[in-house]
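The primary structure of each chain is shown beneath.
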Amino acid sequence: MLRGAAHFDVLAAAWQAAVDRMARPSLFVTPAFLHTAWQHLAEPGDEAWFVVVRQHGELVGLLPLVRRREPSSRVIRHVLMHMGLLGGDRPGLVHHTVPADVVWQAALAALHRERRHWEALDLRELDASAWPVREVAA
């Protein structure tokens, strides 16, 4: 788990290489698109989160998220949402050489370890091919 917008630059080359190797790449998960969306549409207080999945040192999966503070009934809660939602687009999951559900398993485990830093996970508009388990997408 990498937190902070500085990781756009740290991950850019490996991230783009992973997108290039995807069977069904999408503009909405590319580092160029999401970095541009971040620069222009992130709100003050938003924090970039990158759930990175590596296998033998190679980036094989990435879930780009935004942690946003949202007021809810006089309480502030932290919501994690896909970074692609900043641009109002249909977000997905970066994955290659391993199935999406394998990347999701690792990503959800990483998010669970960070659970004290967020209260809700917003998966709206997520592309069906990127759902956490194959059975849900079928």
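It should be emphasised that the depicted structure is a prediction, and the values quoted were computed from it without experimental measurement.

Cut-off values and rules
Residues numbered from 1 in each chain as written. Predicted model: local features only at pLDDT ≥ 70, side-chain atom pairs only at ≥ 80, totals over all residues. Heavy atoms only, no water. Buried < 20%, exposed > 50% of the residue type's maximum accessible area, 1.4 Å probe, protein only. Helix = DSSP H or I, 4+ residues; strand = E, 2+ residues; numbered from the N terminus. Arc of directions from axis to C-beta. pLDDT = per-residue confidence, 0-100. Contact = heavy atoms within 4.5 Å.

1. Notes on helix α2 (residues 31-41)
Working note: α-helix, 3.6 residues per turn, so residues spaced by three or four point in the same direction.
Thought 1: Along α2, the positions that sit buried rather than exposed are Pro 31, Leu 34, Ala 37 and Trp 38. One face of α2 carries all of its buried residues, which in axial projection span an arc of 135 degrees. Facing away from the buried side of α2 by over 90 degrees, the exposed positions are Ala 32, Gln 39 and His 40.

2. Let's talk about the confidence of the model for the protein
Should the pLDDT be low somewhere, the predicted coordinates at that spot are not to be read in detail.
Thought 1: For the protein, the mean per-residue pLDDT works out to 87, and 90% of the residues sit at or above 70.
Thought 2: Mean pLDDT values for the elements of the protein range from 48 in helix α4 (residues 134-137) up to 97 in strand β1 (residues 2-3).

3. A look at the side chain of Glu 114
Thought 1: Along the polypeptide, Glu 114 turns up in the loop between α3 (100-113) and β6 (120-122).
Thought 2: In contact with Glu 114, other than residues within four places in its own chain, are Met 1, Arg 3 and Trp 49.

4. Let's talk about the environment of Arg 90
Thought 1: With respect to the helices and strands, the residue Arg 90 is situated in the loop between β4 (75-82) and β5 (94-95).
Thought 2: For the pair Arg 90 and Val 29, spaced 61 residues apart in sequence, the C-alpha to C-alpha distance is 9.3 Å.

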